[in-house]
Structure formats: structure tokens, C-alpha cells
Amino acid sequence: MDRLEIIGGVALRGRIPIAGAKNAALPLMAAALLTDEPLHLSNVPALADIRSMAGLLAALGVEVERDEAAGRLALAAREITARHAPYDLVRRMRASILVLGPLLARTGEARVALPGGCAIGPRPIDLHLKGLEALGAEIRLEEGDVIARAPRGLVGARIVLPRVSVGATENLLMAAALARGTTVIENAAREPEVADLGRALVAMGARITGLGSDRIEVEGVARLGGARHAVLPDRIEAGSYAVAAAITGGDLLLEGAVPADMDAVIAFLRAAGTEVEERAGGIRVARDPATAIRPVNVVTQPFPGFPTDMQAQAMALMTLADGACVITEAIFENRFMHVLELVRLGADITVTGASAVVRGVGRLVGAPVMATDLRASMSLVLAGLAAEGRTVVNRVYHLDRGYERIEEKLAAVGARIRRLRDA
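Reading guide: rules and limits
Residues numbered from 1 in each chain as written. Predicted model: local features only at pLDDT ≥ 70, side-chain atom pairs only at ≥ 80, totals over all residues. Heavy atoms only, no water. Buried < 20%, exposed > 50% of the residue type's maximum accessible area, 1.4 Å probe, protein only. Helix = DSSP H or I, 4+ residues; strand = E, 2+ residues; numbered from the N terminus. Pairing = 2+ DSSP bridges. Axes fitted to C-alpha atoms, helices over the stretch in contact; angles between N-to-C directions. Contact = heavy atoms within 4.5 Å. Parallel < 35°, antiparallel > 145°, perpendicular 65-115°, else oblique. Nonpolar A, V, L, I, M, F, W, Y, C, P; charged D, E, K, R; others polar. Salt bridge = Lys/Arg side-chain N within 4 Å of Asp/Glu carboxyl O.

A. Main features of the pairing of strand S9 (residues 145-149). Across the 5 residues that make up S9, a large majority, 4, are buried. Here 5 bridges tie strand S7 (residues 109-113) to S9, and the two strands are oriented antiparallel to one another. Each bridged residue has a counterpart across the sheet, and for Arg111 the counterpart in S9 is Ile147. Examined bridge by bridge, strand S8 (residues 138-142) and S9 share 5 bridges and lie antiparallel to one another. Of the residues in S9, the one forming a bridge with Glu142 is Asp145.

B. Here's a closer look at the sheet that holds strand S5 (residues 72-76). Here we have 4 strands laid out as an open sheet, ordered S4-S5-S3-S14, and mixed in their pairing. Unpaired on one side and paired on the other, strand S4 (63-67) and strand S14 (227-230) mark the two borders of the sheet. Neighbour to neighbour, the strand axes of the sheet diverge by 15° on average, direction disregarded. Pairing analysis gives 4 bridges linking strand S3 (residues 39-42) to S14, with the strands arranged parallel. When the bridges of S14 are listed, Leu39 appears paired with Ala227. Of the strands in this sheet, S3, S5 and S14 are in contact with helix H1 (residues 22-30), which crosses S3 at around 170°.

C. Just the packing of helix H6 (residues 166-177) against helix H7 (residues 192-203), in detail. Between H6 and H7, the least distance of the axes is 10 Å, while the angle of their chain directions is 10°. By the angle between their directions, the pair H6 and H7 is classed as roughly parallel. Along its contact with H6, which presents Val166, Thr169, Glu170, Leu173 and Met174, the element H7 presents Glu193, Val194, Leu197, Gly198 and Leu201. Looking at the contact of H6 with H7, its residues break down into 6 nonpolar, 2 polar and 2 charged.

D. Seen up close, the sheet that holds strand S1 (residues 3-7). On the basis of which strands lie adjacent, the open sheet formed by 4 strands has the order S22-S23-S1-S24 and mixed pairing. With partners counted over all chains shown, the strands left at the sheet margins are strand S22 (368-370) and strand S24 (416-420), one partner each. Pairwise comparison of adjacent strand axes, ignoring direction, gives a mean angle of 20° for this sheet. Where S1 and strand S23 (residues 390-394) come together, 5 bridges link them in antiparallel fashion. Directly across from Glu5, in S23, lies its bridge partner Val392.

E. Representation of the pattern of salt bridges within the structure. Evaluation of the coordinates by the stated rule reveals 37 salt bridges. Residue Arg359 pairs with Asp348 through a salt bridge whose shortest N-O separation is 3.9 Å. Taken as a pair, Arg359 in strand S21 (residues 355-359) and Asp348 in strand S20 (residues 348-352) lie far apart in primary sequence, 11 residues in all. Given a relative accessible area of 36%, Arg359 falls into the partly exposed group. Where Arg419 meets Asp400, a salt bridge forms, and the shortest distance between an N and an O atom there is 2.9 Å. Taken together, the residues Arg419 in strand S24 and Asp400 in helix H13 (residues 397-400) connect sequence positions 19 residues apart. In this structure Arg419 comes out as buried when scored by relative accessible area, which is 18%. On the basis of relative accessibility, which here comes to 23%, the residue Asp400 falls in the partly exposed class.

F. Structural view of the environment of Ser240. Tracing the backbone shows Ser240 in helix H8 (residues 235-248). Overall, Ser240 belongs to the buried group, its relative accessible area being 0%. Taking the C-alpha atoms as reference points, Ser240 and Gly205, separated by 35 residues in sequence, lie 35 Å from one another. The contact partners of Ser240, leaving out residues within four places of it in the chain, are Met310, Gln313, Met378, Leu382 and Tyr403.

Structure (C-alpha cells):
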């Protein structure tokens, strides 16, 4: 099992190219099921989750052509040869549930294994299922699978989501694109990745208004065609490397980062004493190492609030703040598993319920640590970059799900980091 070895204490300086967003690419790939014409995607990150989704789509009959080096992906669902996404394929990542809506809309039936639990707490799909039922689907659960049927097709409806859900919004958006009549999704997720999916669907011939707002309206069409679409840059990767600049007292230009998608993270960094400057084609993030890191309270919220996927990275920075702060996780349960590992590096953190009190310490000291999920893994890397001595991050397969060539990108800006592979 691969590990990352980090010798901390180096201020990172240089340029880091930001990859396409995994959380945008996965639903875009699922959208290929909606048409028998090719969907060409560019700026696709080379990640384990992308390969898993490509494997699932291939099992359903989609022709997949990948050029990882160029970040290009061509998907052609000329004929759906299977309507069952079995557990052996779905269990690899929760985003597999995103094939449910497109399969149902295109073929009138779908069987998708329940994705099960998650290391950061339960992430139920009830809103996906209730929304599809509102569109006229008949749904039952059998032997761990969701079985959905709409033999007469889906019909537009008004759907009010009781809580914001990115996945449910995306599944319903894709299903509604081929439903008869008009669908209105209220309390829709406003995340940039949802809007990116919507723009691709419009390029395929869908009629959608309200993208980026909490009310999306979809006028169904009889068929969709192919399209070419560039995946938007990954705001979470950009935010993670922005914290890397801040925690090491470095100066990084994040090429391709979109400031408008990162308002809450940028506000956090500035409040912590970090300089953030918008540049043509990206953002520059820098902190004078002689300037203390200021403590900043954080509460995770749906977009445009502070993203839950940046909570662990923010906590890593706050471990070295001059004072105490409170970080509250309001999106997912059990998303503080990185706390005990940060404590191993010398952090002073106390968790009570959904909040963590972080009391800044003068220094972190390297140690062996264990990654528990994707973003927790990144928080340990960030802490290791700032820690004195040697840190070894175990279970980095989590990182490979969401960060493209992480050790290469960090080494290119001065980090002393290398991947250790077991013999």
C-alpha cells in the first residue's frame, strides 16, 4: 500500500496547475447515457474515481475512449446493453448512483445497487428516489438494489428538496432533461459543479434555466445530442493548495483556479492573514512567514458557504494559528476523523459533537499518520508540509481518488515529498 513521505519546513513557491474537478467530471460522464451521440469531455482529471466511473459506464454498454495524458474522454452510449449497475462496480464510489436518473430517462428502467455507507458518515439517497418518484417513476428496493421503472416515460413535476443535495439535484436535472413537460427543482444545489453539468446538458440540447440559483427549471425534450464540454477547474484542489501556501509561509500561483467559485475559502484565507490576489487565469496565494496565522471560526454550509470538502484543510491551517477557533461541521456526520491524526503531529484539538475547538500551537512535529478519507488525507499532507521533521501519510489511495499527481505538483514547488511503494 502506497505512502507519502514528507520532510516539512519548506515554504512552497512557484506555480501549480489546477486540474478539472472530479465532482464535475463524474456527473458529466453519467450524462453520456442520455444520448446515442458521442459526448466529448476535456480537462478531465486522471483520478481513480474517473477510472471507476468509466468502468461502470463501459459495463452498461458505453464506448469509452480515454487519453489521460491529454485529459480527454470520449463517451458514446449508442446502445445501452445493460441496465443493471451491480454492487461490485458501485461500491467503489458513491457517485455511481448518478447513473440512475439518466438510465431511467433514456431506457425506462434501471437497477442500481445501493452505494452503502461512507467513511464520513451516512449519505442517504432518499432525495434522489423521492424526486424520481415525483417524475413518475415506480421504485422499489430489492436485494440491496434500487429498481426503477417508468415504462411510459418520465413526466415533469415540481420537486421541493427538503434539504440541499448536490447529488439529488444532478440526478433529477439529468432525468428531467428527457421528461415530458416542465420540471421545477426548488431548493436546488447551487454548487458550480451542478451549473457545469447544466451547461453541458444545454450544449446537448436540453432546455434549462436558473442554473446557479436554488430554483432550476427544465423543459423536457424528446432527445439529446452529442456535445463537447470542458470540465471546470477543481475549486477544492485549488483551495487545498491555497492552504499549502498559507501553512508553509509560501507564495503560489494556482493556474486555472476560478476566484468566483472560491469566495468563502478566499475570505477564510484572508481573515487568517493570507494574501490572496486574483490574477489573469488564476489566483496568487502568499503569506509572510513572519506574520502570525490568525484564528478564524468556520461553519460548513452548502455553496456559496464554506465547503465541507475544505473543512479538514482549514483545520490543518488553524492548528498553527495564534489563538483558538471553533470549526463546526454542519453537512456530514463523522467528518472529524482527521482530528486524532493531527493531534499525533502535535495539534491541540477538542471535539464536542459537531464542533471542534482548535487551539493553535507553536509548531507541529512529524509522525506516522493514517488517512481515513479523501479530504482528511489532504489535511495530513498539509500539516506534514509545515511540521518539523518526517511525516509519513499512510493509505494514500484516498488521495489518488481526488488529487491528480499530488506529489509531483508539490515537489515542483519545493516540497520534500515522495511516494513510498511497498515491495
